[in-house]
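Geometric and topological summary
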Amino acid sequence: MESLLGVLTDLNQIIPILVHWLHLLSAVVWIGGLAFLVMAVTPCLKNTVPKQFIRPISETFYQQYKRVVGILLVVILFTGGFNLHYVSEGMIMQSGEGVSQHAKYLTVFFIKLFLVLGILTIFLYTIIFKNEPTGGETSEELEEMAIEPVPFQRVALWMGVFIILCAAAMKHLHV
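Residues numbered from 1 in each chain as written. Predicted model: local features only at pLDDT ≥ 70, side-chain atom pairs only at ≥ 80, totals over all residues. Heavy atoms only, no water.

Things to note about the overall build of the protein chain
- Counting its secondary structure elements, the protein chain contains five helices and zero strands.
- Helices (α) and strands (β) of the protein chain occur, in sequence order from the N terminus, as α-α-α-α-α.
- Counting the 175 residues in the protein chain, one finds 34% classified as buried.
- Summarising the internal contacts of the protein chain: among those between residues at least 6 apart in sequence, 79% fall at separations of at least 24.
- Of the roughly 11,300 Å² of accessible surface on the protein chain, a fraction of 72% belongs to carbon and sulfur atoms. (Helix = DSSP H or I, 4+ residues; strand = E, 2+ residues; numbered from the N terminus. Buried < 20%, exposed > 50% of the residue type's maximum accessible area, 1.4 Å probe, protein only. Contact = heavy atoms within 4.5 Å. Areas by Shrake-Rupley, 256 points an atom, 1.4 Å probe, with all protein chains shown as cover.)

Focus: the packing of helix α2 (residues 51-95) against helix α3 (residues 103-128)
- Remark: α2 packs on α3, axes separated minimally by 12 Å, with the N-to-C direction vectors making an angle of 165°. Viewed along their axes, α2 and α3 adopt a mutual orientation that is roughly antiparallel. Between α2 and α3 lies a crossing whose hand is left-handed. Together, Tyr62, Lys66, Val69, Gly70, Leu73, Leu84, Val87 and Met91 of α2 and Tyr105, Phe109, Leu120, Phe123, Thr126 and Ile127 of α3 make up the contact between the two elements.
- Grouping the constituent residues of the contact of α2 with α3 by class yields eleven nonpolar, two polar and one charged. (Axes fitted to C-alpha atoms, helices over the stretch in contact; angles between N-to-C directions. Parallel < 35°, antiparallel > 145°, perpendicular 65-115°, else oblique. Left-handed = near helix turned anticlockwise from the far one by under 90°. Nonpolar A, V, L, I, M, F, W, Y, C, P; charged D, E, K, R; others polar.)

Describing helix α5 (residues 153-173)
- Taking 1.5 Å of rise per residue, the 21 residues of α5 would be expected to cover 30 Å, and the 30 Å separating its terminal C-alpha atoms lies within 8% of that figure.
- All buried positions along α5 are accounted for by Gln153, Ala156, Leu157, Met159, Gly160, Ile163, Cys166 and Met170. (Expected span 1.5 Å × (residues − 1).)

Observations concerning a nonpolar patch on the surface
- Taken together, the side chains of Leu11, Ile14, Ile15, Leu18, Trp21, Leu22, Leu25, Val29 and Val68 make up a nonpolar region of the molecular surface, amounting to roughly 750 Å² of accessible area.
- Residue contributions to the nonpolar patch peak at eight residues, all from helix α1 (residues 2-48).
- Of note, Val29 is situated in helix α1.
- Judged by its relative accessible area of 39%, Val29 is partly exposed. (Patch = residues over 30% accessible without salt bridge, like charges linked within 9 Å, V, L, I, M, F, W, Y side chains within 5 Å. Salt bridge = Lys/Arg side-chain N within 4 Å of Asp/Glu carboxyl O.)

Some thoughts on α3
- Helix length check: α3 (26 residues) gives 37 Å between terminal C-alpha atoms against 38 Å at 1.5 Å per residue, within 8%.
- Every buried residue belonging to α3 is among Tyr105, Val108, Phe109, Lys112, Leu115, Val116, Gly118, Ile119, Leu120, Ile122, Phe123 and Thr126, and all of these are buried.

Remarks on the nonpolar core
- Of all hydrophobic cores here, the largest spans 34 residues; its most connected members are Trp30, Leu34, Tyr65 and Ile119.
- Counting residues per element, the ones that place at least two in this core are α1, α2, α3 and α5. (Core = buried A, V, L, I, M, F, W, Y, C linked by side-chain atoms within 4.5 Å.)

Here we look at empty space enclosed by the protein
- This structure, assessed with the given rule, holds one cavity of 30 Å³ or more.
- Approximately 70 Å³ is the volume attributed to the largest cavity.
- Looking at the largest cavity, it is lined by twelve residues, and the ones nearest its centre are Leu34, Tyr62, Ile122, Phe123 and Ala156.
- Breaking the lining of the largest cavity down by element, the ones donating at least two residues are α1, α2, α3 and α5.
- Broken down by element, the residue count for the lining of the largest cavity peaks at three residues, all from α3. (1 Å grid on protein atoms, 1.4 Å probe; cavity = no way out; pocket = protein on both sides within 12 Å on 5 of 7 lines; lining within 4 Å. Points joined across faces, edges and corners; volume = space filled by probe spheres on them.)

Some remarks on the confidence of the model for the protein chain
- Taken over all residues, the pLDDT of the protein chain has a mean of 82, while the share at 70 or more is 82%.
- Mean pLDDT across the elements of the protein chain bottoms out in helix α4 (residues 139-147) (55) and peaks in α5 (90). (pLDDT = per-residue confidence, 0-100.)

In structure tokens form, the structure reads like this:
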């Protein structure tokens, strides 16, 4: 009987750990991939490739990135919900109060959620509205499109950095 109870206790610890790990891994791959595009791919292309080839090459990188991120988004949304559940259970065990009674945690959580929704909106915008030249652009607009072939990539990266900061704060607000 004790060994069965030990296995159940271990599962009650292992499952939240694995869910949290999967959530973090997905977020790191998402934001890390975006950082790679912003800090490595785009600058290298600008320095080594003629302007007319920057856009097609970066689009090739971004197409593969979008496939991976689409899957990661689903994983992040589900594991985030499970994480919130496990954190609330932990808070109840420690203090008798759930997440709804911890104002600081909820504040950071909603800031993180707002940033996630923002970065998700940018991601979906780049899928729905492709940023392709239509022929009516000025030379300045065409040059801007060549410099940043993926729209809002720098803004999305900064939002991702702040999402990770919020996650770190949340980790220490529920202990």
